[in-house]
Amino acid sequence: MNTRTKIFLTLFITYAFFTNAYLTTNDASRFSLTAAIVEEHTLQIDNYLDRVISVWWWPKDFATYKGHIYSDKAPLGSFLAVPIYIIARVFTDDYNIIAYFVSLFTSGVLSVVTALLLYDMGSYFTGKKDIRVALALAYGLGTPAFFYGTIFFSHTITAFFAFASFYLLFEVKHGAKGTKNLALAGLSAGLAVSSDYYAGVIAVALFFYALSMSKTKTYVFLLSFLGIISLLLAYHWVVFGNPFIIPYLYSDLYGVFHAKGFYGVGLPDSLFFQNLRRALFAKEAFFYTAPLTILALAQMVNFYKQYREESIFIILALGGLIYVVGGVGPTGGFGTRFLVPAIPFLYLPLYTVNYNDLASKTMTYLVASFSLIINFLGAAESGLPNIAYPPYIQATYGTHNILGEFLLRRGINLHYYTVLPLLFFYILLWRCDIRDAFKSFKRELGNRTI
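These remarks concern the structure in this document.

The rules behind these values
- Residues numbered from 1 in each chain as written.
- Predicted model: local features only at pLDDT ≥ 70, side-chain atom pairs only at ≥ 80, totals over all residues.
- Heavy atoms only, no water.
- Helix = DSSP H or I, 4+ residues; strand = E, 2+ residues; numbered from the N terminus.
- Expected span 1.5 Å × (residues − 1).
- Bend = angle between axes of the 7 residues up to and from the residue.
- Buried < 20%, exposed > 50% of the residue type's maximum accessible area, 1.4 Å probe, protein only.
- Polar contact = N/O pair within 3.5 Å; in protein donor to acceptor, adjacent residues only side chain to side chain.
- Salt bridge = Lys/Arg side-chain N within 4 Å of Asp/Glu carboxyl O.
- Contact = heavy atoms within 4.5 Å.

Our focus in this paragraph is helix H6 (residues 95-121). Over its 27 residues, H6 extends 38 Å from the first C-alpha to the last, a length consistent with the 39 Å expected when each residue adds 1.5 Å. Its maximal kink placed at Leu-104, H6 deviates by approximately 30°. Most of H6 sits out of view: 22 of its 27 residues are buried. N-capping of H6 is provided by Asp-94, with a side-chain oxygen placed 2.8 Å from the backbone N of Asn-96.

Let us look at the pattern of salt bridges. For the structure shown, the criterion picks out seven salt bridges. Arg-4 is paired through a salt bridge with Asp-120; the nearest N and O atoms lie 3.0 Å apart. Residue Arg-4 is located in helix H1 (residues 3-18), and its partner Asp-120 is located in helix H6; the two are separated by 116 residues in the primary sequence. We classify Asp-120 as buried; its relative accessible area is 17%. One salt bridge in this structure joins Lys-361 and Asp-130, with 3.9 Å as the shortest N-O distance. In this pair, Lys-361 is assigned in helix H20 (residues 358-381) and Asp-130 in helix H7 (residues 129-141), connecting sequence segments 231 residues apart. Through salt bridges with shared partners, a single network forms among Asp-61, Asp-72 and Lys-73.

Now for the environment of Tyr-250. Mapped onto the fold, Tyr-250 is located in the loop between helix H12 (218-240) and helix H13 (254-258). A relative accessible area of 26% means that Tyr-250 is categorised as partly exposed. In this structure, the C-alpha to C-alpha distance between Tyr-250 and Thr-64, residues 186 residues apart in sequence, is 5.7 Å. Apart from residues no more than four positions distant in its own chain, Tyr-250 is found in contact with Phe-62, Ala-63, Thr-64, Tyr-65, Phe-240 and Ile-245.

In this section: unusual backbone geometry. The backbone phi angle of His-41 is positive, close to 55°, even though this residue is not glycine. With respect to the helices and strands, His-41 occurs in the loop between helix H2 (25-40) and helix H3 (49-52).

Quick look at the structure:
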């Protein structure tokens, strides 16, 4: 079995094990649009929002326009879920089961594929296969991409399309066919914005990066990007009668999150910096849940010396996202979810760490191990409050997974022991690699001792 398959199976099985079979107010809004499209061929979610949301939650994320209810989210995730919904609907009409498969095959699968892209891209930076594997798994299991890969939110979807666009442009720099890659990169950038409006800041950075790759052909990137954006504007026009009005203007939460400045993002003030402190440094904030990004930022000076255009892109994209977070502030969930699309980019400087230096390698692996534990607990305990399984069985620590739920329904509570089958699966899948890694470490340690 090749390494890419092992990475895919590791992440996919893990996400399948932890994926939610319920809908909160955020993902219920997206899922309702999918259900409305399939069941009634409409964009109005009046008949679905209250029906699909789990009974211990209440709808807050929706837009009201001319007496009808619509999703207040960027629509891409809902449209991507349509074929998955149709297939699942053949076998069941249980919204919980359908939501499980929709979450797994949108947020989950695209998070897995992002990790694979990170692994593939690593071959341009290092010949060390073990480092590429470690960083791909660290991204998939040791960042909030893990948690958000188990729920039908938009952030891992956005991360995939944004990173795919960057990867395609990076290949142009290294000799790939420019016109095809530029077109696909523009398309992916447009899809990222169609998944999350705030990804527009990444799209701007991608445009400048494309410009640095090919000044004469950047129009290919721009035209394909605008082609996707025109579809997004058409969606706005159909729903709200104006292509330039996004759903947040009519959102039930408009006054709380979006009224200030441009849909919540305005000039920095004291609240802006308070938001940043909470979003970046508080418990369960960005640097707490993705601590390898601290090492990546420390590595940026060396990375810049070797990869100037890529470094400028990362700084622009991250800076734009941080500005958005400062305006909107931390939101519910695990970690700072608006920064999730920045994480795969921030992992790139980690490829240029001097792994021949035992201290640097040990530090990186220790931080990665801490990150794995933090994000495992985030998924196992769930960063979403008020979790209960029908018929109203309150989840307890270590049971937030499909086996834990199955046993709870039958009056059995094994807490974290429910994760043991997953650990056995890891060992079985990676046993040869683990053995080789130990041999390599002993050999390296022996050489240094001598």
